[in-house]
Structure formats: C-alpha cells, structure tokens
Amino acid sequence: MFLVPAGMAVAVLDKWSWSSFLLIISFILIFLSHRPVVLILKGWKRRDTIEWPACSWAFVLSGSGIGLAAFLFLFQQQWNALSLGLAVAITFLLHLRLTLNREHMSVTGEIIGVLGLTASAPVMYIFLNGYLDAKGWVLWMITFLYFAGTIFYIKLKVRIQLSQPEPDLVGKLRAGMPVVLYGILLLIYVFFITVIRGYSWFFFWAYAPFLVKAVRGLVRWQSRETLKINRLGAMELAHSILFAVLSLAGLNETPQ
C-alpha cells in the first residue's frame, strides 16, 4: 500500500534517482518500526513494563528511517515534501493509538492506515517534482480509492468467511455486500468523473478487475482448510501491479 503508490509516483514523473530510492528505503524502515512501537506501548499500558528488545528495534528502524528521510528533505530543500511528511506522521501516531485501543481493525482505523500509507505517493511526487500538481492529486486519489477497497475484501476473505460455515447464496451476498457495493460505487464514480473531467478510460479499466475479484471472492467461500494466505497475498500483489500499470497508462494521458 505504500510501495506501489511511491513507485507509481517515480514512474509517472520518470525521474528515477538514488535519492528517490533512498526515500523509499526510509518509508520501509518507518513502516517496519510500527510493530515494535506497538509492543512497547502495549507492554507499558498492560503490564507497566518496558520491552527492551522492542525498544532497540523501534529506535533503530524509526530513527534510521526518519533520519534518512529528514536528511533527504533538508539536503534537497524540499520543504513542501517535509511538511506533508510531518502531516503523514500524524496519521501514523493516530493509528498507533487506535492499535493500542484495539480499534485499528475497524473501518475507520484501517482507512486512516490506508490514507497514511498511500500518502507515500504525494510525498514522493513532491520530492521529485517540487510541488503537487493536478496529476499528483489524481495519483493520490486513485491509489487511496483502490487500496481502501482492499479493506473490505480482506475482511471478507480472512475474517468473515473463516468465522462461519459456507451459507447459501443469500447469505454470501449479505456477507460480501460491503466489498461488492464498494466496487460498484467505485466504478460508477470513476465512470462519471471520466466522462465529466475527460480523464483516460484506463482508470476505469484499472478498477474493473477489483469488482471481478470481489464477486469471485464472494462466490468462492473460503474455509481455514482452503484459504492459503500466501496465495491470497500473491493475488493481491498481482492485482495491485495490474492496477498500477493501467493507472500509469491513464496518468500519462492526464493533462497537468
């Protein structure tokens, strides 16, 4: 959710450099620090103890990630990117609080997480371009809308379907209605915004596989025996890459 948007920003601007590669590394380091920070906060809240191994990892990962990003922003005097990066840090802290209160798996908590992760696109875009133009805003919008939909799909496959036996067709429709409805509304929105604003039809076709996946995932009910997490992850990655390729084709046809 953060590597694909960041990579799309580099691709659409066609400004690959070592500094952009290092910025992506900083994103990865900061992302990896989330888990040890959560362990620290949970240990302190529930047992009044300090998880020293987690502290070490949190310090190394977050410190190196934040330090690397800050160096890149300051060295290249990218003040707009730095400002947006600080704003994104607020979503990171808010998500930590939701995680501590066991609310991070709620729709609100996960949308906040997706918003923060997909913000790698505008941060990278500003870093490479100097400012966020119309194409940069469109990039953030389309990546957020796509990955927000995966919240409903993963909930369906991993939480809902594994918690109950396979129902009849009506039961499947009731269980999978959020993801299917989201996919339909998303395609309707993209259709009308494409017609009204004159955007590329590649955007519409970039989202179409999501609705197909949602319907297929609803019909093919998974149990703990049949669900393969690695296979599910690989399929999500494949869909994300397909979305990125089609969206990049659309962005290349989008005026500044």
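The coordinates are above.
Residues numbered from 1 in each chain as written. Predicted model: local features only at pLDDT ≥ 70, side-chain atom pairs only at ≥ 80, totals over all residues. Heavy atoms only, no water.

Caption draft 1: Seen up close, empty space enclosed by the protein. Throughout the structure, instances matching the rule amount to one cavity of 30 Å³ or more. Taken as a whole, the largest cavity holds about 70 Å³ of empty space. In terms of lining, the largest cavity is formed by Val-138, Met-141, Ile-142, Leu-145, Tyr-189, Val-190, Ile-193, Thr-194, Tyr-199, Phe-203 and Tyr-207. Every element with two or more residues in the lining of the largest cavity is listed here: α8 (134-160), α9 (169-197) and α10 (202-219). Residues belonging to the lining of the largest cavity are distributed by class as follows: ten nonpolar, one polar and no charged. (1 Å grid on protein atoms, 1.4 Å probe; cavity = no way out; pocket = protein on both sides within 12 Å on 5 of 7 lines; lining within 4 Å. Points joined across faces, edges and corners; volume = space filled by probe spheres on them. Helix = DSSP H or I, 4+ residues; strand = E, 2+ residues; numbered from the N terminus. Nonpolar A, V, L, I, M, F, W, Y, C, P; charged D, E, K, R; others polar.)

Caption draft 2: The arrangement of the layout of surface pockets in detail. Size it by volume and the largest pocket reaches roughly 1,500 Å³. Here the element with the most residues in the lining of the largest pocket is helix α5 (residues 79-100); it accounts for nine residues. Among the residues making up the lining of the largest pocket, the classes are represented as 30 nonpolar, 13 polar and five charged. Roughly 410 Å³ of volume is contained in the second largest pocket. Lining the second largest pocket are 17 residues, with Tyr-153, Arg-216, Arg-220, Gln-222 and Met-235 sitting closest to its centre. When residues of the lining of the second largest pocket are traced back to their parent elements, those giving at least two are α8, α10 and α11 (229-251). The residue makeup of the lining of the second largest pocket, split by class, is six nonpolar, four polar and seven charged.

Caption draft 3: Main features of the packing of aromatic side chains. Taken as a whole and assessed by the stated rule, the structure comprises 19 aromatic pairs. Measuring from ring centre to ring centre gives 6.0 Å for Trp-137 and Trp-140, while their planes differ by 20°; the resulting arrangement is stacked. Taken as a pair, Trp-137 and Trp-140 lie in helix α8 at a separation of three residues, close to a single helical turn. Relative to Phe-210, the ring of Tyr-182 lies with its centre 6.2 Å away and its plane at 75°, an arrangement referred to as edge-to-face. Of this pair, Tyr-182 sits in helix α9 while Phe-210 is found in helix α10, placing the two residues 28 residues apart along the sequence. A single burial state applies to Tyr-182 and to Phe-210, both of which are buried. Through a chain of ring-to-ring contacts, the aromatic side chains of Tyr-146, Phe-147, Phe-152, Tyr-182, Tyr-207, Phe-210 and Phe-243 assemble into a single cluster. The lysine or arginine in question, Lys-213, covers the ring of Tyr-153, its NZ or CZ lying 4.6 Å from the ring centre. (Phe/Tyr/Trp six-rings, centres within 6.5 Å; stacked < 30°, edge-to-face > 60°. Buried < 20%, exposed > 50% of the residue type's maximum accessible area, 1.4 Å probe, protein only. Lys NZ or Arg CZ within 6 Å of the ring centre and 35° of its normal.)

Caption draft 4: Local environment of the packing of α8 against α11. Remark: α8 packs on α11, axes separated minimally by 11 Å, with the N-to-C direction vectors making an angle of 160°. Overall, the two elements α8 and α11 adopt an arrangement that is roughly antiparallel. Note on packing geometry: the crossing formed by α8 with α11 is right-handed. Here α8 contributes Lys-135, Val-138, Leu-139, Ile-142, Thr-143, Tyr-146, Phe-147, Thr-150, Tyr-153, Ile-154, Lys-157 and Val-158 to the contact with α11, which in turn contributes Ile-229, Leu-232, Glu-236, His-239, Ser-240, Phe-243, Ser-247 and Leu-251. Among the residues making up the contact of α8 with α11, the classes are represented as twelve nonpolar, five polar and three charged. (Axes fitted to C-alpha atoms, helices over the stretch in contact; angles between N-to-C directions. Parallel < 35°, antiparallel > 145°, perpendicular 65-115°, else oblique. Left-handed = near helix turned anticlockwise from the far one by under 90°. Contact = heavy atoms within 4.5 Å.)

Caption draft 5: Local environment of α9. At Gly-176, α9 shows its maximal bend, which comes to roughly 65°, and the proline Pro-178 appears one to four places after that position. Looking one or two residues past α9, Gly-198 carries a phi angle of roughly 75°, positive in sign. (Bend = angle between axes of the 7 residues up to and from the residue.)

Caption draft 6: Just the pattern of salt bridges, in detail. Tallied over the entire structure, the rule returns two salt bridges. Where Lys-172 meets Glu-166, a salt bridge forms, and the shortest distance between an N and an O atom there is 2.7 Å. Glu-236 is the partner of Lys-213 in a salt bridge, and the nearest nitrogen-oxygen pair spans 2.9 Å. With Lys-213 in helix α10 and Glu-236 in helix α11, the pair connects residues that are 23 residues apart, well separated along the chain. Each member of the pair, Lys-213 as well as Glu-236, carries the same accessibility label: buried. (Salt bridge = Lys/Arg side-chain N within 4 Å of Asp/Glu carboxyl O.)

Caption draft 7: Main features of unusual backbone geometry. Its identity is not glycine, yet Asp-14 carries a phi of approximately 55°, on the positive side. By secondary structure assignment, the location of Asp-14 is in the loop between α1 (3-13) and α2 (18-32). Judged by its relative accessible area of 67%, Asp-14 falls in the exposed class. Residue Gln-77 is not a glycine yet carries a positive backbone phi of 55°. Within the fold, Gln-77 resides in the loop between α4 (52-75) and α5. Accessibility expressed as a relative area gives 55% for Gln-77, which makes it exposed.

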